[in-house]
Number of protein chains: 2
Amino acid sequence: MVAEKIDGKLISTDLRLKIKNEIELLKKTHENFKPKIVIIQVGDRPDSSTYVRMKLKSCSEVGIEGELLKYDSNISEIEMIEKLNTLNNDKSVHGILVQLPLPSQLDEETITNSVNVEKDVDGFSELNIAAVFKKNSKLKIIPCTPKGIMYMLDYEKIQLQGKNAVVCGRSDIVGGPMGKLLEKKGATVTTLHSKSTPEQFKFYLKNADIIVSAVGKPNFINGNDIKPGCVIIDVGTNYIPDETKKSGQRMVGDVDFDSCSQIASKITPVPGGVGPMTVVMVLHNLLQTAKEQEGIL
Amino acid sequence: MVAEKIDGKLISTDLRLKIKNEIELLKKTHENFKPKIVIIQVGDRPDSSTYVRMKLKSCSEVGIEGELLKYDSNISEIEMIEKLNTLNNDKSVHGILVQLPLPSQLDEETITNSVNVEKDVDGFSELNIAAVFKKNSKLKIIPCTPKGIMYMLDYEKIQLQGKNAVVCGRSDIVGGPMGKLLEKKGATVTTLHSKSTPEQFKFYLKNADIIVSAVGKPNFINGNDIKPGCVIIDVGTNYIPDETKKSGQRMVGDVDFDSCSQIASKITPVPGGVGPMTVVMVLHNLLQTAKEQEGIL
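Residues numbered from 1 in each chain as written. Chains lettered and ligands numbered in written order. Predicted model: local features only at pLDDT ≥ 70, side-chain atom pairs only at ≥ 80, totals over all residues. Heavy atoms only, no water.

Per an unreviewed UniProt entry, the recorded name for chain A is C-1-tetrahydrofolate synthase, cytoplasmic, and the organism is Pichia californica. You can read under Pathway (unreviewed entry) in the UniProt record for chain A the words "One-carbon metabolism; tetrahydrofolate interconversion." Per UniProt, the comment on chain A under Subunit (unreviewed entry) is "Homodimer." (UniProt positions renumbered as here; feature names shortened; annotations may be inferred.)

Written out as structure tokens, the structure reads:
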């Protein structure tokens, strides 16, 4: 078997176009509809700057106004919360995104929870996390990476009910909500994590119909580890040395693509898989919050 | 193998005594320490009245003042929220417990979330649920049944790290938090639920080192289904006909005790297992909130 590639670039491009068209239409039908996101960057880590630039560019491409607020890396927590409160109360702002990681004087949980839950387009605030976790809660804003993966699985018409799903990694923003979202669609989910034994990884991976890996280790999952015909979603972004590249390195996922694609039925590449979906979901969440705040159904 | 019985009555009696002694001591060292719980009952379902009576009795036995507020079954949601707000602001009240289920005009999620998170001794409010779900969040108030089960497992010195745990049922107040708490202690957890197939139940149960069942079906798990030496926690409370009883019925769990106790290493009986632990955890949570609110470390 040679696996079909799940093309995150194509799926995200398609969704981005849909978002762009919807915003264009809404601007025509609702003259005050001006969706706007504010991105907050503290300090100037180069990786954060790259992500922020990418997000602003994506916003502008679909007709979302993006504003970048840059603060000095030693801003105090109180000052930061005051700034967030001002944005929370600003009716022209529909989404607030605090670029992580933050410098150590700012507690990420406190800051994340200071973003109004209605404007929390990352879906990181406690109330949004609780909504993912609760069985019957009306889903509010879903964190972008797991939301993007669910969108991909749906786009690819992958059956979840009655399937064995394995999530590797249990972070608050990927692994945790991922497992819960798969479960809500009827999958039976096992979460593997840093305290799982090698035998447990072996046992559960071999029996998985769907694998989502977010552990951050190159070549973590190999063709020998998996069940024929399974579907693999690779969230890993790892850099390994590669002399053929100008940068001297190359980005790979958690999954050994070559061996796994001989066994799986579908697999996401890295790059070009989950990554582009995560970015477009920021736009999707922003469109949702803007519509809600402007009272558009 | 004949399983050892995990005696919830004994463990809860032991814990109740510890709580009683701690409250006695705190009353001596802090003259204003007067732990108080308010229980709200809407309408007069006989089962609710029984539970409320049990809880009030337990409170009084350990030195917690209990007050019962009974409201008419057609109280409006606004009125109910106003009453909760008054209690939220009343410094003499350390815990508020709304007896569920509520009549249909009251949305349980809205009401539950109207209880101040610091006084939510049931642990049902969104912020407490989010704290259970988030990886690094400081745990606040844990729902009583899963908290009681974790206490039992710890009391019995049952190793969780590296073990296969299976939770049957995914409710917001038992199965959901249960899985997360087991995972936080290092177990690798699979949650089985109404959409899991019979084959999935068979596969995962047979490989489980620890089983927590909360599905509400008598004889749901049988000796043939389980792995020799496993630990079984039975949360089920089901009634089956029994002519030898005056009431004509008898309470049983989800687990066929006779056959499972031949295979498992430890097992909770029903009654006398999880039930008494759940009740004592209300007291434990109340002691915690009272200490926090009175600034006692």
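Let's shift gears to unusual backbone geometry. Residues and elements named next belong to chain A. Cis geometry marks the peptide bond from Leu100 to Pro101; its omega dihedral reads -5°. Relative to the helices and strands, Pro101 resides in the loop between β4 (95–98) and α4 (108–114). Backbone geometry places Asn219, a non-glycine residue, at a positive phi of 55°. Position of Asn219 relative to the elements: it lies in the loop between β7 (210–213) and β8 (231–234). (Helix = DSSP H or I, 4+ residues; strand = E, 2+ residues; numbered from the N terminus.)

Here the focus is the pairing of strand β6 (residues 188–192) of chain A. Residue and element names in this part refer to chain A. Across the 5 residues of β6, 5 count as buried, placing the element largely inside the fold. In terms of strand pairing, strand β5 (residues 164–168) meets β6 through 5 bridges, oriented parallel. From the neighbouring strand, Cys168 faces β6, where its bridge partner is Leu192. Handedness of the crossover joining β5 and β6 through helix α7 (residues 175–184) is recorded here as right-handed. (Buried < 20%, exposed > 50% of the residue type's maximum accessible area, 1.4 Å probe, protein only. Pairing = 2+ DSSP bridges. Right-handed = clockwise from strand over helix to strand, strands pointing away.)

The full count for this structure, using the stated rule, is 3 cavities of 30 Å³ or more. Approximately 220 Å³ is the volume attributed to the largest cavity. Lys180(A), Glu183(A), Thr191(A), Glu183(B) and Thr191(B) are the residues nearest the centre of the largest cavity, which is lined by 17 residues in total. Residue assignment for the lining of the largest cavity shows that the elements contributing at least two residues are α7 and β6 of chain A together with α7 (175–184) and β6 (188–192) of chain B. Classifying every residue of the lining of the largest cavity by side-chain character gives 4 nonpolar, 8 polar and 5 charged. (1 Å grid on protein atoms, 1.4 Å probe; cavity = no way out; pocket = protein on both sides within 12 Å on 5 of 7 lines; lining within 4 Å. Points joined across faces, edges and corners; volume = space filled by probe spheres on them. Nonpolar A, V, L, I, M, F, W, Y, C, P; charged D, E, K, R; others polar.)

This paragraph deals with the packing of aromatic side chains. Residues and elements named next belong to chain A. Tallying each qualifying case throughout the model produces 9 aromatic pairs over all chains. Geometrically, the ring pair formed by Phe201 and Phe220 is edge-to-face, given 5.3 Å between the ring centres and 90° between the ring planes. Within this pair, whereas Phe201 is found in helix α8 (residues 198–206), its partner Phe220 is found in the loop between β7 and β8, the two being separated by 19 residues in sequence. Between the aromatic rings of Phe203 and Tyr204, the centroid separation amounts to 5.0 Å while the plane-to-plane angle is 80°, which identifies the pairing as edge-to-face. Accessibility expressed as a relative area gives 24% for Phe203, which makes it partly exposed. (Phe/Tyr/Trp six-rings, centres within 6.5 Å; stacked < 30°, edge-to-face > 60°.)

The next thing to look at is the side chain of Thr289(B). All names here are of chain B. Among the structural elements, Thr289 can be located in helix α10 (residues 274–293). Residue Thr289 is classed as buried on the basis of its relative accessible area, which comes to 0%. At 2.8 Å, the side chain of Thr289 and the backbone oxygen of His94 are in polar contact. Sequence-distant contacts of Thr289, that is, excluding residues within four places in its chain, are made with His94, Glu118, Val121 and Ile141. (Polar contact = N/O pair within 3.5 Å; in protein donor to acceptor, adjacent residues only side chain to side chain. Contact = heavy atoms within 4.5 Å.)

Further remarks concern the sheet that holds strand β2 (residues 36–42) of chain A. Residues and elements named next belong to chain A. The parallel open sheet is built from 3 strands, whose spatial order is β3-β2-β4. Of all the strands in the sheet, just β3 (65–71) and β4 have a single pairing partner and so form its edges. Geometrically, the sheet is characterised by an average inter-axis angle of 20° between neighbouring strands, direction not taken into account. Here β2 pairs with β3 via 7 bridges, running parallel. Among the inter-strand pairings, Gln41 is bridged to a residue of β3, identified as Lys70. Each of β2, β3 and β4 is contacted by helix α2 (residues 46–62), which is oriented at about 170° to β2, the strand it contacts most. (Axes fitted to C-alpha atoms, helices over the stretch in contact; angles between N-to-C directions.)

Our next topic: the sheet that holds strand β4 (residues 95–98) of chain B. Residues and elements named next belong to chain B. Within the open sheet, the 3 strands sit side by side as β3-β2-β4. Their pairing is parallel. Each edge of the open sheet is held by one strand with a lone partner, namely β3 (65–71) and β4. On average, each strand axis in the sheet is inclined to that of its neighbour by 20°, with strand direction left out of account. Against the sheet, helix α2 (residues 46–62) makes contact with β2 (36–42), β3 and β4, and its axis sits at roughly 170° relative to β2, the strand it touches most.

Tallying the contact residues gives 39 residues for chain A and 39 residues for chain B. Summing the contributions of chain A and of chain B, the shared interface buries around 3,500 Å²; its carbon and sulfur component is 53%. For Glu126(B), the salt bridge identified is with Lys140(A), shortest N-O distance 3.6 Å. Summed over the shared surface of chain A and chain B, the result is 19 residue pairs in polar contact (both at pLDDT 80 or more). Every element with two or more residues in the side of chain A that touches chain B is listed here: α5 (126–133), α7, β6 and α8 of chain A. Of the residues belonging to the side of chain A that touches chain B, the class tally is 11 nonpolar, 16 polar and 12 charged. (Buried area = accessible area lost by both parts, 1.4 Å probe. Salt bridge = Lys/Arg side-chain N within 4 Å of Asp/Glu carboxyl O.)

A separate point is the relation of the copies chain A and chain B. Here the second copy of the chain follows from the first by a rotation about an axis and a shift along it. By a simple turn and slide, chain A fits onto chain B: the slide is 0.0 Å along the axis, the RMSD is 0.0 Å, and the turn is 180°. This pairing of chains is accounted for by a two-fold axis. An overlap of 100% is found between the interface residues of chain A and their copies at the interface of chain B, pointing to a shared contact surface. (Least-squares fit on C-alpha atoms with pLDDT ≥ 70 in both.)

Among the nonpolar cores identified, the biggest contains 48 residues, and Ile37(B), Leu153(B) and Leu182(B) are the most heavily contacted of them. Broken down by element, the residue count for this core peaks at 9 residues, all from α10(B). Built from parts of two domains, this core gets at least three residues from each of domain 1 (30–118) and domain 2 (144–275) of chain B. Residues within four places of Ile37(B) in sequence aside, it is in contact with Cys59(B), Ile64(B), Glu65(B), Gly66(B), Glu67(B), Gly95(B), Leu97(B), Val121(B), Val282(B) and Leu286(B). Within the second largest apolar cluster, 47 residues are counted, among which are Leu15(A), Ile149(A), Ala187(A) and Val282(A). (Core = buried A, V, L, I, M, F, W, Y, C linked by side-chain atoms within 4.5 Å. Domains from an automatic or database assignment.)

We now examine the environment of Asp234(B). Residues and elements named next belong to chain B. Residue placement: Asp234 occurs in strand β8 (residues 231–234). Residue class for Asp234 comes out buried when judged on its relative accessible area of 3%. With 21 residues separating them along the chain, Asp234 and Ser213 place their C-alpha atoms 5.2 Å apart. Contact partners of Asp234, with chain neighbours within four places excluded, come to Ser213, Gly253, Asp254, Val255, Thr268, Val270 and Val274. A distance of 3.1 Å separates the side chain of Asp234 from the backbone nitrogen of Gly236, its partner in a polar contact. Only 3.1 Å separates the side chain of Asp234 from the backbone nitrogen of Val255, close enough to count as a polar contact.

Turning to the layout of surface pockets, a few remarks are in order. Residues and elements named next belong to chain A. Estimated volume of the second largest pocket: approximately 1,300 Å³. Contributing to the lining of the second largest pocket are 42 residues, with Tyr51, Thr145, Thr237, Gly275 and Thr278 lying nearest its centre. Secondary-structure elements contributing two or more residues to the lining of the second largest pocket are α2, β4, α6 (144–155), β9 (238–241) and α10 (274–293). Here the element with the most residues in the lining of the second largest pocket is α10; it accounts for 6 residues. Looking at which domains feed residues into the lining of the second largest pocket, each of domain 1 (30–118) and domain 2 (144–275) gives three or more.

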